[in-house]
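Examination of the molecular architecture
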Amino acid sequence: MGTYILRRLLWTVVLLFFVTALTFLIFNVLPTADPAKLRAGRNQTPETVAAIRDQLNLDDPFLTRFFSYLGDLLFHFDFGTSVLNDEPVRPLIFEALPNTLMLVLGAAVVWFVIGVVIGTISAVKRGSILDRVAMTTALVAISAPVYWLGLVALYLFSSDLGVLGLFPAAGTYDASRGVFTSISSLFLPWLVLAAAFSAIYARLLRSNLLETMSEDYIRTARAKGLKERTVVFKHGLRSAITPIITVLGLDIGILLGGAILTESVFGIPGIGRLSFDAIQRNDIDIVQGATLFLALGVCTMSLLVDVLYAFLDPRVRY
Amino acid sequence: MALLEVEDLRVHFKTDDGVVKAVDGISYSVDAGQTLGIVGESGSGKSVSSMTVMGLTRAKNATITGSIRFDGKELLTASEDELRAVRGGPISMIFQDPLSSLHPMYKIGKQLVEAVRTHQDVSKARALDRAVEMLGLVGIPEPRRRADSYPHEFSGGMRQRVMIAMALCNDPKLLIADEPTTALDVTVQAQILDLLEKLKRELDTAIVLITHDLGVVAEVTDDIAVMYAGRIVEKAHRDDIFAAPEHPYTWGLLRSIPRLDSPRDEELVPIPGRPPSLINPPSGCSFHPRCPYVREAHTRVDPLLEAVPGAAGHEVACLLPPATRRALWAELSTGADPEAAKAVATAAGAGSGTGSVRREEEAS
């Protein structure tokens with residue numbers, strides 16, 4: 001187990017190196033705009049642009065610039081500087097991170113609970129009206145785009161323009177009030193972000209549980225004289241839920257790189273929103289930093305999931 | 001009164017293709033401490049009938065009629081709660097594949113403790129003691145340590161021992177063993193059969209042993225019931241089944257087992273054809289499409305399970321006259337092929353029997 005984790009960590013480092021190299025390559029070899037010109041301001045002269053190019057070492061060869069970026073990253077944990085307002089990228093990301101974490105982890109709890117509950121009911125009552133309604137709703141939820149769902153949710157439930165006005169409006173989430181005091185502003189985003197995931201998880205759990213319930217060991221559990229409830233929850237769900245935990249870990253990992261649509265619709269200043277703005281303004285260093293974070297999130301979560309799996313399923317050994 | 005009495009049990013399943021008559025009117029009884037072997041091909045209804053005893057075939061699409069009395073109590077009409085009290089308690093069951101029959105994610109000890117505590121109001125520690133005791137009884141070395149292992153850490157034979165320990169931990173009066181040795185190596189098979197035999201002797205548990213393998217029932221059973229297409233076609237004491245079988249299907253089963261004492265060049269004779277559809281079973285005798293001795297009337301008349309004249313406790317459902325059957329088996333048991341046997345039996349003029357022939361005539 002120890003050597004396995006070590007090997008995986010080494011691979012993570014290698015992977016992150018390639019991700020860094022690739023994003024650096026994309027944004028520097030295929031530039032959408034000259035960073036020096038972006039920074040030079042409205043009344044720029046060729047001289048100021050040249051001075052900035054010189055200051056940012058933009059005229060150095062590609063490899064020199066890459067290794068200098070890598071060196072800053074490794075030795076100073078420096079993600080570079082935003083070209084637009086000359087702010088360092090690291091604090092920008094670290095300010096945005098808790099907001100994304102709050103959004104994603106909260107939503108993950110919501111979709112996991114909803115998915116497991118609905119999936120279990122659907123599997124146990126297979127073919128019933130309840131099952132059909134649940135699975136049709138799930139299909140709608142999977143098909144609905146998040147930005148559309150977000151806008152509909154705001155139209156129906158937000159306190160300023162909503163028909164029902166149950167939840168705080170978009171843009172009211174303000175981390176400076178403290179992450180926990182502004183939590184009510186996250187209810188609606190949680191539900192919207194969780195909608196599609198709940199549906200996917202419900203369908204996944206339903207089919208897993210149906211498959212598990214036809215296993216021989218379920219017959220054994222019944223032959224023991226256990227209550228059907230115990231058979232489903234203790235014997236069936238235990239097996240059916242394990243693969244879903246893997247999916248959950250990876251989904252969280254991906255979303256840690258920012259839930260761009262949800263954060264944009266609800267005005268949550270998370271990593272997704274930060275990258276969205278940065279992409280629109282060609283703010284390369286921020287995009288690069290956010291991409292690295294996404295890769296780090298995915299790698300960490302997938303390692304975590306694999307280690308966790310060995311505890312959940314005793315047959316798995318590394 | 002017998003411990004288990006099954007009477008005219010029918011289990012039919014409605015499917016999209018039609019009604020599957022998985023079990024179609026079977027009756028048998030098992031006394032305390034006795035072993036009954038139920039033999040048949042896959043799809044003959046032997047597993048379904050025993051699962052029905054446990055109430056495990058109850059489903060929306062299932063129609064179950066007849067009677068199953070256990071210890072004088074009717075199980076077919078029993079409530080789910082009453083059945084649960086029986087399952088794993090007075091009646092327990094072991095299954096074919098011990099690998100897939102144990103939950104892969106729980107430790108053996110935990111699974112046994114669960115079985116004990118479902119039927120006995122004891123502490124976890126006491127239940128574990130009982131589990132360890134049973135694991136020891138079925139021959140698991142170092143049972144206390146092994147209780148802490150997962151199923152995948154056991155070999156196939158050891159897993160089946162665990163299953164048996166689990167089935168026995170509540171002192172069942174009846175153990176239903178559904179193909180308990182099929183998934184195991186031959187040497188391990190013998191060990192498991194020995195174990196069942198020993199447990200029967202020591203614990204006085206009645207056993208219903210379901211198998212497709214006559215070799216298995218030969219070793220441990222008292223009585224044998226041969227099932228075909230959802231019915232019992234022959235039922236007798238073990239010795240009678242092997243010495244004087246009456247049904248052509250039983251002959252086929254016997255002649256398809258390799259024997260050490262038969263001549264080396266004797267070929268095994270497979271039963272031709274396939275098991276019949278249980279949705280549209282053949283008319284008349286359901287074995288007639290595969291029977292080498294079929295006569296025209298057999299396609300119309302459905303044989304009843306009747307006593308064999310002169311053989312106590314031996315019953316058979318065959319339309320051939322008893323004398324013909326005896327003549328045929330006399331030939332077959334010497335290694336003759338069905339055609340030759342038929343010729344000899346006909347030449348002997350054994351065609352004029354009693355019983356079944358009368359019914360043939362009535363029908364025509």
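Rules used throughout
Residues numbered from 1 in each chain as written. Chains lettered and ligands numbered in written order. Predicted model: local features only at pLDDT ≥ 70, side-chain atom pairs only at ≥ 80, totals over all residues. Helix = DSSP H or I, 4+ residues; strand = E, 2+ residues; numbered from the N terminus. Rg over C-alpha atoms; globule rule 2.2 N^0.38 Å. Buried ≥ 20, exposed ≤ 12 C-beta atoms within 10 Å, placed from the backbone. pLDDT = per-residue confidence, 0-100. Contact = placed C-beta atoms within 7 Å. Nonpolar A, V, L, I, M, F, W, Y, C, P; charged D, E, K, R; others polar. Pairing = 2+ DSSP bridges. Expected span 1.5 Å × (residues − 1).

Quick look at the overall build of chain B now. When helices and strands are counted, chain B shows 14 helices and 12 strands. Here the C-alpha radius of gyration of chain B, 22 Å, is about what a compact globule of 364 residues would show, namely 21 Å. Considered along the principal axes of its C-alpha atoms, chain B spans approximately 70 × 50 × 40 Å. When burial is assessed residue by residue, chain B has 44% of its 364 residues classed as buried.

Residues and elements named next belong to chain B. Per-residue confidence for chain B averages 86 on the pLDDT scale, and 93% of its residues sit at or above 70. Across chain B, element-level confidence peaks in helix H4 (residues 108-119) with a mean pLDDT of 95 and bottoms out in helix H14 (residues 356-363) with 44. The model gives residues 350-364 a pLDDT under 50, and that stretch makes 31 contacts with residues more than four places away or in other chains. Both confidence scores are given for the complex: pTM 0.82, ipTM 0.83.

This part is about the interface of chain A and chain B. Listed by partner, the interface residues are 17 residues for chain A and 23 residues for chain B. Broken down by secondary-structure element, the contributors of at least two residues to the side of chain A that touches chain B are helix H9 (216-223) and helix H10 (228-256) of chain A. The biggest single contributor to the side of chain A that touches chain B is H9 of chain A, with 6 residues. In terms of residue class, the side of chain A that touches chain B is made up of 4 nonpolar, 4 polar and 9 charged.

A few words now on the sheet that holds strand E7 (residues 174-178) of chain B. Residues and elements named next belong to chain B. Here 8 strands make up an open sheet; going across it, the order is E6-E7-E8-E3-E9-E10-E12-E11 and the pairing mixed. Looking at strand neighbours, the two that pair on one side only are strand E6 (91-94) and strand E11 (306-307), the edges of this open sheet. Across 4 bridges, the pairing between E6 and E7 is parallel. Across the sheet, Ser92 pairs through a bridge with Leu175, a residue of E7.

Residues and elements named next belong to chain B. With 13 residues, helix H7 (residues 156-168) should cover 18 Å at 1.5 Å per step; its first-to-last C-alpha distance of 18 Å lies within 8% of that length. Of all the 13 residues making up H7, 11 are buried; the element is thus mostly covered by neighbouring parts of the structure. Restricting attention to buried positions, one finds in H7 the residues Gly157, Met158, Arg159, Gln160, Arg161, Val162, Met163, Ile164, Ala165, Met166 and Ala167. Here the buried face of H7 lies against E6, helix H3 (98-101), H4, helix H5 (124-137), E7 and helix H8 (186-203).

Bringing the pairing of strand E10 (residues 231-237) of chain B into the picture now. Look at any regular strand and the pattern is simple: side chains alternate between the two faces of the sheet. Residue and element names in this part refer to chain B. Burial analysis of E10 places 6 of its 7 residues in the buried class, which makes it a mostly covered element. Summarising the sheet, strand E9 (residues 223-228) and E10 pair through 6 bridges and their orientation is antiparallel. Looking at the pairing, Val226 lines up with Glu234 of E10. As consecutive antiparallel partners, E9 and E10 are separated by 2 residues, and within that stretch Ala229 has a phi angle of approximately 50 degrees, a positive value. With 2 bridges joining them, E10 and strand E12 (residues 315-316) adopt antiparallel strand pairing. Directly across from Glu234, in E12, lies its bridge partner Val316.

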